[in-house]
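# Architecture at a glance
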Amino acid sequence: MDNDNSVTLIQASSNAKGTQLEDMEEDAGIKEEMDSDEEEGMKVESSEDDEDDLSEDDKENEAEIQRLEEQLSINAFDYNCHLDLIKLLRQEGELSRLRSARQKMSELFPLTEEIWLEWLKDEIRLTEEESNREKIYELFEKAVKDYICPDIWLEYAQYSIGGMGSPAGLEKVRSIFERALTAVGLHMTKGSTVWDAYREFENVMLSTVQPPAGSVPTPEEQGKHNTQLERIHTLFRRQLAIPFMDLEATYGEYEEWSDRGVPETLTCQYKKALQQLAKSRPFEETLLVAEPPKIAEYQAYIEYELKEGDPARIQIIFERALAENCLVPDMWAKYNNYLDRQLKIKDLVLPAHERAVRNCPWTMGLWKCYLLALERHGAEHDIVKDVFEKALEAGFIQATDYVEIWQVYLDYLRRRVDFCKESSKELEELRAAFSRALDYLKLDVEERFSESGDPSCTIMQIWAKIEAHHCKNIQKARELWDSIMTKGNAKFANMWLEYYNLERAYGDAHHCRKALHRAVQCSSDYPEHVCEVLLTFERVEGSLEDWDAAVQKTDTRLGRLKEQQAKVAEKEANQAVQKEGKVEQQRKAKADKKSQKKGPPGGKAGGDKRKAAPADHQAWDEDAERAPKRHKGAGDEGAEEDMEMEMGLFGRRTPAARTKGPPGAKKPQQQASTPGSASASSTKAKPDEKPELRNDNNSVFISNLAYTLAEPEQKLKALFECCGPVDQVRPVFSKAGVFKGYGYIQFESKASVPAALKLDRQEVEGRPMFVSPCVDKNTNPDFKVFKYNSAIEKHKVFISGLPFSCTKPQLEELCKSHGTVKDVRLVTYRSGKPKGLAYVEFADEAQASHAVLKLDGTVVDDNQISVSISNPPRKNLKDQGGFGGSMSTSMPRQVYGSRGRGRTQVSLLPRSLQRPSGAVAKAENGTALTDQDQEFKKPAKPLSNSDFAKMLFKK
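Keep in mind that this is a model prediction, so the values were computed, not measured.

## Topic: helix α14 (residues 311-324)
Relative to the 20 Å expected for 14 residues at 1.5 Å per residue, α14 spans 21 Å between its end C-alpha atoms, a close match to the ideal helical length. Looking at the buried side of α14, the elements it contacts are α8 (169-184), α12 (264-289), α13 (295-308), α15 (329-343) and α16 (346-359).

## Side note on the pattern of salt bridges
By the definition in use, this model includes 43 salt bridges. The residue arginine 97 makes a salt bridge to glutamate 62 at a minimum N-O spacing of 3.5 Å. With arginine 97 in helix α4 (residues 95-108) and glutamate 62 in helix α2 (residues 12-74), this pair connects stretches of sequence that are 35 residues apart. Assessed through its relative accessible area of 26%, glutamate 62 is described here as partly exposed.

## Focus: the environment of glutamine 342
Structurally, glutamine 342 is set in helix α15. Sequence separation between glutamine 342 and proline 311 is 31 residues, and the spatial gap between their C-alpha atoms is 8.5 Å.

## Some details on a negative patch on the surface
A cluster of like negative charges, contributed by Glu56, Asp57, Asp58 and Glu60, occupies part of the molecular surface. Mapped onto the elements, glutamate 56 comes out in helix α2.

## A word on the confidence of the model for the chain
This prediction gives the chain a mean pLDDT of 79; 74% of its residues lie at or above 70. The low-confidence segment residues 602-691 (pLDDT under 50) makes 82 contacts with residues lying over four places distant or belonging to another chain.

## What to know about the nonpolar core
Within the largest apolar cluster, 92 residues are counted, with the highest numbers of intra-cluster contacts made by Ile405 and Trp406. Per-element accounting of this core gives the leading share, 10 residues, to helix α19 (residues 399-416). Beyond its immediate chain neighbours, meaning those up to four positions away, tryptophan 406 contacts Phe388, Leu392, Ala433, Arg436, Ala437, Tyr440, Leu441 and Ile459. Within the second largest apolar cluster, 54 residues are counted, among which are Ile65, Ile136, Ile148 and Phe244.

## A look at the packing of aromatic side chains
What the rule picks out here adds up to 32 aromatic pairs. Judged by centre distance (6.2 Å) and plane angle (50 degrees), the rings of tyrosine 137 and tyrosine 156 are tilted. Placement of the pair is tyrosine 137 in helix α6 (residues 133-146) and tyrosine 156 in helix α7 (residues 150-161), with a sequence separation of 19 residues. Judged on exposure class, the residue tyrosine 137 and its partner tyrosine 156 are both buried. Relative to tyrosine 301, the ring of phenylalanine 283 has its centre 5.1 Å away and its plane inclined at 15 degrees; by these criteria the two rings are stacked. In this pair, phenylalanine 283 is assigned in helix α12 and tyrosine 301 in helix α13, connecting sequence segments 18 residues apart. Assessed through its relative accessible area of 23%, phenylalanine 283 is described here as partly exposed. Over the ring of tyrosine 159 we find arginine 133; its NZ or CZ atom is 4.4 Å from the centre of that ring. It is arginine 694 that lies over the ring of tyrosine 744; its NZ or CZ is 5.4 Å from the centre.

## A few points about α6
Helix length check: α6, at 14 residues, gives a terminal C-alpha distance of 21 Å against a target of 20 Å (1.5 Å per residue), a fit within 8%. Buried within α6 are the following residues: Arg133, Ile136, Tyr137, Leu139, Phe140, Ala143, Val144 and Asp146. Looking at the packing, one finds that the buried side of α6 touches α5 (113-126), α7, α8 and α16.

## A word on unusual backbone geometry
Following proline 292, the chain continues into proline 293 via a peptide bond in cis, with omega recorded as 10 degrees. By the secondary structure assignment, proline 293 is in the loop between α12 and α13. One non-glycine residue with positive phi stands out, namely lysine 294, at about 60 degrees. Counting through the fold element by element, lysine 294 comes out in the loop between α12 and α13. Although it is not a glycine, aspartate 861 sits at a positive phi angle of roughly 50 degrees. Following the sequence through the fold, aspartate 861 ends up in the loop between β9 (859-860) and β10 (863-864).

## Overview of the sheet that holds strand β5 (residues 767-773)
Read from one edge of the open sheet, five strands run β2-β3-β1-β5-β4, paired in antiparallel fashion. Each end of this open sheet is capped by a strand with a single partner; those strands are β2 (726-733) and β4 (762-764). Each strand of the sheet is rotated relative to its neighbour by a mean of 30 degrees, with strand direction disregarded. As paired strands, strand β1 (residues 699-703) and strand β3 (residues 739-747) are joined by four bridges and run antiparallel to one another. Paired with phenylalanine 701 across the two strands is tyrosine 744, which belongs to β3. The sheet strands contacting helix α31 (residues 712-720) are β1, β2, β3, β4 and β5, and the helix crosses β2 at an angle near 140 degrees.

## Some words on the pairing of β5
On a regular strand, one side chain projects to one face of the sheet and the next to the other, so that they alternate. A large share of β5 lies buried, amounting to five of its seven residues. Summarising the sheet, β1 and β5 pair through four bridges and their orientation is antiparallel. In the strand pairing of β5, phenylalanine 701 is matched with serine 772.

## Quick look at the sheet that holds strand β6 (residues 793-800)
Reading across from one edge, β7-β8-β6-β11 is the order of the four strands in this open sheet, with antiparallel pairing throughout. The sheet is open, and its two edges are formed by β7 (821-828) and β11 (866-870), each paired on a single side. If you compare each strand with its neighbour and ignore which way they point, the axes differ by 25 degrees on average. Both β6 and β11 contribute to a ladder of five bridges, which runs antiparallel. What sits directly across from valine 797, in β11, is isoleucine 869. Against the sheet, helix α33 (residues 808-815) touches β6, β7 and β8 (834-842), its axis set at about 135 degrees to β7.

Rules used in this analysis
- Residues numbered from 1 in each chain as written.
- Predicted model: local features only at pLDDT ≥ 70, side-chain atom pairs only at ≥ 80, totals over all residues.
- Heavy atoms only, no water.
- Helix = DSSP H or I, 4+ residues; strand = E, 2+ residues; numbered from the N terminus.
- Expected span 1.5 Å × (residues − 1).
- Contact = heavy atoms within 4.5 Å.
- Salt bridge = Lys/Arg side-chain N within 4 Å of Asp/Glu carboxyl O.
- Buried < 20%, exposed > 50% of the residue type's maximum accessible area, 1.4 Å probe, protein only.
- Patch = residues over 30% accessible without salt bridge, like charges linked within 9 Å, V, L, I, M, F, W, Y side chains within 5 Å.
- Areas by Shrake-Rupley, 256 points an atom, 1.4 Å probe, with all protein chains shown as cover.
- Lys, Arg positive; Asp, Glu negative; His and termini not counted.
- Charge placed at Lys NZ, Arg CZ, Asp CG, Glu CD.
- pLDDT = per-residue confidence, 0-100.
- Core = buried A, V, L, I, M, F, W, Y, C linked by side-chain atoms within 4.5 Å.
- Phe/Tyr/Trp six-rings, centres within 6.5 Å; stacked < 30°, edge-to-face > 60°.
- Lys NZ or Arg CZ within 6 Å of the ring centre and 35° of its normal.
- Pairing = 2+ DSSP bridges.
- Axes fitted to C-alpha atoms, helices over the stretch in contact; angles between N-to-C directions.

In structure tokens, the structure reads:
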């Protein structure tokens, strides 16, 4: 009777609203009748066109629906495709197909709060019969399991009120409200709405047991009334003990409603809740103003609650964070780890693990924890097996993930086996699982990733140990190890020692000796250690014949090893000498070229050479006549050096005006300070000459600047002053005074260099400026600044196919919905123009993996981009040489002279001066000389110009 009265009161307002709606419908109907005559003619004319348009739209929508259904039949895990299909079906009113599409999506993915509310409201609207109410209840039960959403719980409770007329309807409503309070009652911003709805419901129930005015209630009626009052008081007391954002308003409402005042104990609870609210309010206010996904803000809030240690509050803040960041594997892993280690409640732990793998199926770590949790809480074998099969179909992004998930499952199967029995069903299942794992890695995984993910055959090693240790089947273990060695592991000493230890523990001395002999012969990484193990084994186990055989085996192997090491050392020494010679040759060639460029303003060496060509004999005669006058007063050494430097590449005299000594050198010493005699120029310079005050430790090298940069010294100084006091700026100019785009910045302190290096790639007038440490390449020829990482970077993704107009903020906006973006780098040419490539660094590898799955193949400004984990190709060590790689170190560089290679390939050197090719040696000026050239350059017998002319015309 009470239930019927309460239903009547609760539905009274809805009946009044229904009456108003009927009145409005009557007015609307009268108006429609008045307007119908006027519009009838227009409707007749336009009806055919509307039908054609509708039919055309229906055809297009149906075609799109069929396309989406076909696409889902190919890839059922296309989340966006599911959403588009549901939207179209709802628009078309295809109720049965819409229900089926929603059910299929809910089986694969947890649905968001918006999708669930839309689905629930559609089903409630279509279901009017009381017999179908149980189906709606089942749908609500699925909805509240996906995420902790206060709005869904509130909708659930309100819907249950409509079923109060059924048996036990009131108890069901109160049960749903209580479950809602347990689930979301601690939600600091939305939990109060559920509490308020519950109290309003109980207030309505209070009015149903209120005695009529002027009547004397019976003891039974008075008891029901008091019980209902106590229910409401209890709800107020429970709510006021929880820190909500609007807690003060609730306290004021209770003061106004209660006719017996606020108890002192409740006031103390209320004040304590306010203190807790004051501590949590900063975190809540930060969440209110933060932009999605709010991961950092939630992380800080979670850390605070973990320190406080209230399990219920920790759980609710985790649930709130996951509702907004359901695709962040690290958040799920942290939550599940807390539940596994702290709460250890099966009904909380297992559903959380299940939700985690449904949200992030690509993350192997979540499946691994799920399998362990199932075993920990005693789940049935069929359930564990089913979860493992789903994990294999999840689509991991690395081959090693499949190896690890197989190891977890095999460990679980091994723990089920009772090895005291010789044979059992569990043991046969374990062996079958090992065989299947090896086939799966070889066929499925290797076909997808081009690698099995288990190069060291870890699974086979575990199987061999189980067979030897638990099953006492050493023969099977030997067969497995034989298979391991045939997969490319025979060259590794540690693999042989693993096998030896297995034989040592479960085998016999014969097989131990055999394994060590094969190890000495096959291992290539640590053969000395293997030889030592063999000799130690024979000292303990072997006879004299065994000892002699082992010594002979090890001596032969170590002898070959020493020969190989000697060859390698000799080769490395030769390469080092060649590299050192090449560096010295390049340095001196550069100095030679620089000295040749510093000629007097009137000198025209190139033109003089070609004009002097027809008068060779006359030029040599004049040289012979003028030679004594030119060298008058000079010593033999100076004469010899002057003689060598005045001879050009083709044997003609080079004018003395072409060479120029260092600034400040004495005039008679200029001829001795030519590029070919750098040592002479350094020793004959003035003692008081001040070198440039350079300090490479306090400097940085800048490059890739625009040649058109005006006033580079002033601009660069202003740019780098933020890093520290600048001592000097040395921009490099060409001979014509044009800035060459690079230079040096020297600071007063070495501490300013790290700050300056952070300006690398900063844009300066449209070009990225390169900033690197200032290192002398002559003393450090192998120094390279911009080395790329040759190893896989799991936390970073590589994006290609980007439109050239894509900017860094646009790319960051595209990626930040999939995780915390730490850095975005657009790859550009040296000119600053984009290449359409980019690297995006995430906070961890799980976020990067999620971004790959979600962004790969998406379209950005009509460009389909490709996204993958950053895995740069391995750099070939042979290409680390100069411009020609390894070939440049083995072949001498051809010299074409100061003017480069001529148009003709005919040698202009007189045949009398040509020498046969011999061993290449270094010259002081950086060119390649033969052994005979070295003899020619010996200073034992200086040659005059007349001697050289006789040699030239010798027949």
